[in-house]
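Listed here are the chains, written in short residue letters.
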Amino acid sequence: MKNFAIKLMWLTTIYLVVFAALCQTKLFFPVLMGLYFIGVSLLLLLIFIVLHDEEYKTNKKFKDWYQDNSKKNLVH
C-alpha cells in the first residue's frame with residue numbers, strides 16, 4: 001500500500017504540473033475542464049489512500065498530544 005500511495009503521489013503531482021502548464025495554452029475550454037476534474041479526482045483519491053492506510057496502526061489518541069512537545073510547553 002505504501003508503494004501505491006507514493007506512486008499515486010508522484011503521478012498526481014506530475015499530472016497537476018502538466019495541467020497547470022496546459023492552462024497557459026489556448027487549449028479548448030471543455031478539454032481543460034475535463035482535465036481539471038480528472039486532477040481533482042486524483043487529488044481526492046490520493047488524500048483518501050493516504051488517510052485510509054490499513055497497514056498503519058497506532059494506539060495513540062488525540063489526548064496523547066505530540067510526544068516531542070507537551071501541552072505544558074505551549075505558549076497561550
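Calculation notes
- Counting restarts for each chain: residues are numbered from 1 in the order of the written sequence.
- At least 70 in pLDDT is required for a residue's local features to be given in this predicted model, at least 80 for side-chain atom pairs to be given and counted, and no such filter applies to totals for whole chains, interfaces and linings, which use all residues.
- Excluding hydrogens and water, the side-chain figures rest on all heavy atoms present in the structure.
- Helix and strand definitions here come from DSSP, where helices need a minimum of 4 consecutive H or I residues and strands a minimum of 2 consecutive E residues; each element is numbered from the N-terminal end.
- Any helix carries an expected span of 1.5 Å times its number of residues minus one.
- Partly exposed residues are those whose accessible area sits between 20% and 50% of the maximum for their type, while under 20% is buried and over 50% is exposed, using a 1.4 Å probe and protein chains only.
- Pairing of aromatic side chains requires ring centres within 6.5 Å, counting the rings of Phe and Tyr and the six-membered ring of Trp. Pairs whose planes differ by under 30 degrees are stacked, by over 60 edge-to-face, and all others tilted.

Notes on helix α2 (residues 29–51)
Because each turn of an α-helix spans 3.6 residues, side chains separated by three or four positions end up pointing in the same direction.
Moving on, step 1. In this model, α2 (23 residues) spans 33 Å end to end at C-alpha, consistent with the 33 Å of a helix rising 1.5 Å per residue.
Moving on, step 2. Along α2, the residues classified as buried are L32, G39, L42, L46 and I49.

Some words on the packing of aromatic side chains
Moving on, step 1. Under the defined criterion, the tally for this structure stands at two aromatic pairs.
Moving on, step 2. For the ring pair F19 and Y36, a centre distance of 6.3 Å and an interplane angle of 40 degrees mean the geometry is tilted. Separated by 17 residues along the polypeptide, F19 in helix α1 (residues 2–22) and Y36 in helix α2 bring together distant segments of the chain.
Moving on, step 3. The class for F19 is buried, based on a relative accessible area of 15%.
Moving on, step 4. For Y36, a relative accessible area of 38% gives the class partly exposed.
Moving on, step 5. Taking 5.3 Å as the distance between ring centres and 65 degrees as the angle between the ring planes, the aromatic pair formed by Y36 and F37 counts as edge-to-face.
Moving on, step 6. Through a chain of ring-to-ring contacts, the aromatic side chains of F19, Y36 and F37 assemble into a single cluster.

Purely geometric stuff here, so don't read any function into it on its own.
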